[in-house]
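# Commentary on secondary and tertiary structure
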Amino acid sequence: MNRTFVNYLGPAIAVGSGILTLIFAPLILGFYEIFQLTQYVILAIFAVSMAYIWGFGGILSFGHAAVFGLGGYAYAVLAINMDSSLLAFVLAIGTCGLFSLILGYFIFYGRLNDVYLGVVTLVVALILWKLINHTSGPGYVIGDARLGGFNGIPSIPVLELPWHGGAALDPIQMFRWFLGGLIAVYVALKLLIQSKFGRIAIATKENELRATLLGYDVRQYKLLVFVIGGSIGGMAGAMWATYQTFVDPNMFSLEVSAKVLIWVMVGGVGTLLGPIAGVVLLQALSIKLGETAFINNQIVLGMILMSLVLVFPKGLLPSMELLVTRFFDRSAAQGQGVSG
Amino acid sequence: MTTTNNPLLVTKGLTKRFGGLVAVNDVNLSVSEGQLHCLIGPNGAGKSTFFKCLTGQFKSSAGIVTLEGKEVQGLQTYEIVQRGVGIKTQTPSLFDGLSVQENISLSALRNQASRQVVETLEEMLELFQITHLTRREVGQLAHGQRQLVELAAVLAAKPKLVLLDEPAAGMTGDDRIRLIQTLRDLAGRTTFIVVEHDMQFIGDIATGVTVFNRGRVFAEGSFDEIVARSDVQEIYLGKEVDVAA
Ligand SMILES: Nc1ncnc2c1ncn2[C@@H]1O[C@H](COP(=O)(O)OP(=O)(O)OP(=O)(O)O)[C@@H](O)[C@H]1O
Ligand SMILES: [Mg+2]
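In what follows, the accompanying structure is described.

Conventions we followed
Residues numbered from 1 in each chain as written. Chains lettered and ligands numbered in written order. Predicted model: local features only at pLDDT ≥ 70, side-chain atom pairs only at ≥ 80, totals over all residues. Heavy atoms only, no water. Helix = DSSP H or I, 4+ residues; strand = E, 2+ residues; numbered from the N terminus. Rg over C-alpha atoms; globule rule 2.2 N^0.38 Å. Buried < 20%, exposed > 50% of the residue type's maximum accessible area, 1.4 Å probe, protein only. Areas by Shrake-Rupley, 256 points an atom, 1.4 Å probe, with all protein chains shown as cover. Lys, Arg positive; Asp, Glu negative; His and termini not counted. Charge placed at Lys NZ, Arg CZ, Asp CG, Glu CD. Donors = N, O, S within 2.8 Å, 3.2 Å for Na, K, Ca; no water. Salt bridge = Lys/Arg side-chain N within 4 Å of Asp/Glu carboxyl O. Contact = heavy atoms within 4.5 Å. Buried area = accessible area lost by both parts, 1.4 Å probe. Polar contact = N/O pair within 3.5 Å; in protein donor to acceptor, adjacent residues only side chain to side chain. Nonpolar A, V, L, I, M, F, W, Y, C, P; charged D, E, K, R; others polar. 1 Å grid on protein atoms, 1.4 Å probe; cavity = no way out; pocket = protein on both sides within 12 Å on 5 of 7 lines; lining within 4 Å. Points joined across faces, edges and corners; volume = space filled by probe spheres on them. Near = heavy atom within 4 Å.

Here we come to the overall build of chain B. Along the backbone of chain B there are nine helices and 10 strands. For 245 residues, the compact-globule estimate of 2.2 N^0.38 gives 18 Å, and chain B sits close to it at 18 Å. Structurally, chain B occupies a C-alpha span of about 50 × 45 × 45 Å along its principal axes. Counting the 245 residues in chain B, one finds 54% classified as buried. Accessible surface, chain B: about 11,100 Å² in total, of which carbon and sulfur atoms supply 46%. Positive and negative charge centroids in chain B, built from 24 and 28 side chains respectively, lie 6 Å apart.

Rendered as structure tokens:
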């Protein structure tokens, strides 16, 4: 009973505070803070996409930056070439879904094992990074968009939504829409995880052989998880592009792939909220450390990461959940002791 | 409720080679509907490999397997399972991080509507008397309990043919008796092929026994016939006879 209670309490509080933040943060906080928060929101969506495929599908990708970069570049190129930036946004997500479908088909139907999956995803992201880096020549043009190599693509049109009279989103509107997007993604994934599909995907993660022996085609489940995660990761990339109005090849970089893994690991694999907390915590931390220039912040950050992983091997959120559950169990046991 | 003599499973010339080793060699076996058939044989005789060929986990090198008259060799494992085959593997294979309830439900979920899944879950928990374990994480259970959960999960999909690879291994008194009772109860409705080393267990449940030796069918007959044969004792029961002598 307590367990179920805790299971629903967490998400309810999270969604509630998300909605409150969406409404009130722009009224309380300054323009700059909101602009900063939007960045966290976008990275949180990216982290959640990784948390989903890893924690609920058992797919450990070392190149999740591939969809982040692809989503960003797809949005950039499409938005520059098309009248509707909303359509560009949707198509960018679709591009990443299709990309994940093709890549995932080779990985899962080719029966690559987990190690090869890690290597292949890593290599694909690196290849994309290399490719885009080499597009600085004037020949690399898609319609009106110059890919620009390592210089990236500047002046990307900002997302326009029909609900705002077709004008580009101002930073406050963007914050609200993207945070709304994060909440929607979270709720949708939460429901998906509890659905029949989600449960079987978790079973596949737990024991592929047993899932097969129960009559499930595990390839199909893994592929779909990969496509969903890739699409959401691509959405985060497209959001990043419209937020910065600029993309460059570093979106595909190893650093981005590693960061998203770390956010999820620190927050807790097997949760969705944990990685969101991971993003906020670690990004804030690295900004703070960046301000104090007299110490090497990379080393300090690395040490903090290591101690986090050592102290909370299951991640922050699962450790906290355990504490809460124990607390409830103990008070329940005490209650029984009194009545009995 | 009339005669149940239709062969459910038939293998003809089933063979599995690993390089030079012929682990399953030209096996012809026929198991009728509702039968509780035992497969015995010394270590390395090819019993588990035979099961893996039946379920498509291994691609057989030669021969055919028919289920209800339809050939199934060459199908994917999950497809064979979907045709009504359930298997408990020799090394326990469960969703260790999930609860007993979820392990069983996940099996029933495949071919049953959600209301029926709940019924099946209750039924299985009662059948194996593991209701008190419903919410426990499977990875934390004792070996014998895990065996029972795996059986419950396999049976929850209501398979026509159930393959059990050493189901009594690691089971203590009570769990063993429960397993024997359950198999007896279900026999007639469900078809079982059981691999076991424990002759007493086989004597308690079996209607027919096939003896494997070095990948081949060495002998076939009723339990009493089999234990009476001196050549079977030599290859398989040798040790026990020695001890008794
Ligand atoms: N994947 C494999 N690759 C190579 N050889 C294998 C493989 N699996 C089994 N074998 C060999 O096939 C033979 C039959 O093994 P199998 O596991 O089927 O025996 P078994 O009758 O189940 O024995 P046990 O009673 O010990 O479980 C053994 O010699 C084994 O070493
Ligand atoms: Mg075996």
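Having seen the model, we can carry on.
This part is about the coordination of the magnesium ion (ligand 2). For the magnesium ion (ligand 2), the protein coordination sphere consists of S48 of chain B (OG) and Q90 of chain B (OE1), at 1.9 to 2.1 Å. In this pair, S48 of chain B is assigned in helix α1 (residues 47-54) and Q90 of chain B in the loop between β6 (85-88) and α3 (100-109), connecting sequence segments 42 residues apart.

With that out of the way, let us pick up the pattern of salt bridges. Between side chains of opposite charge, a pair can form as their charged atoms come close. Inspection of the entire model under this criterion finds 12 salt bridges over all chains. Here R199 of chain A ties to E102 of chain B by a salt bridge, and the two come within 3.0 Å at their closest N and O atoms. Residue R199 of chain A is found in helix α7 (residues 196-206), and its partner E102 of chain B is found in helix α3; the two belong to separate chains. Relative accessible area serves as the criterion here: at 23%, R199 of chain A is assigned to the partly exposed category.

What follows deals with the interface of chain A and chain B. Residue-level contacts link 18 residues of chain A with 24 residues of chain B. The largest contributions to the chain A side of the interface with chain B come from R210, L213 and L214 of chain A, which together make up 33% of the buried area. Across the contact surface, chain A and chain B share two salt bridges. Between chain A and chain B we count 14 residue pairs in polar contact (both at pLDDT 80 or more) in total. Among the secondary structure elements, those contributing two or more residues to the side of chain A that touches chain B are α7 and α8 (208-213) of chain A. Residue contributions to the side of chain A that touches chain B peak at six residues, all from α7 of chain A. Classifying every residue of the side of chain A that touches chain B by side-chain character gives eight nonpolar, three polar and seven charged.

With that out of the way, let us pick up empty space enclosed by the protein. Counting across every chain of the model gives three cavities of 30 Å³ or more. Its volume calculated, the largest cavity comes out at about 100 Å³. For the lining of the largest cavity, the secondary-structure elements that each account for two or more residues are α3 (65-81), α4 (85-109), α5 (114-133) and α9 (218-244) of chain A. Residue composition of the lining of the largest cavity, by class: eight nonpolar, six polar and no charged. Considering only enclosed or pocket space, the second largest cavity measures out at about 50 Å³ in volume. Taken together, R210, L213 and L214 of chain A together with V81, V85, G86, I87, S107, R110, A153, V154 and A157 of chain B make up the lining of the second largest cavity. The set of elements that each furnish at least two residues to the lining of the second largest cavity consists of α8 of chain A together with β6 and α5 (143-156) of chain B.

Okay, the site of ligand 1 next. Residues and elements named next belong to chain B. The local shell around ligand 1 holds 15 residues, among which N43, G44, K47, S48 and T49 are the closest. One nitrogen or oxygen atom from the side chain of K47 is found 2.8 Å from an oxygen atom belonging to ligand 1. Within the side chain of T49, one N or O atom sits 2.5 Å away from an oxygen atom of ligand 1. Expressed as a share of its isolated accessible area of 630 Å², the protein-covered part of ligand 1 is 64%. Listed by contribution, the elements that provide at least two residues to the shell around ligand 1 are β2 (21-32) and α1. Residue contributions to the shell around ligand 1 peak at three residues, all from α1.

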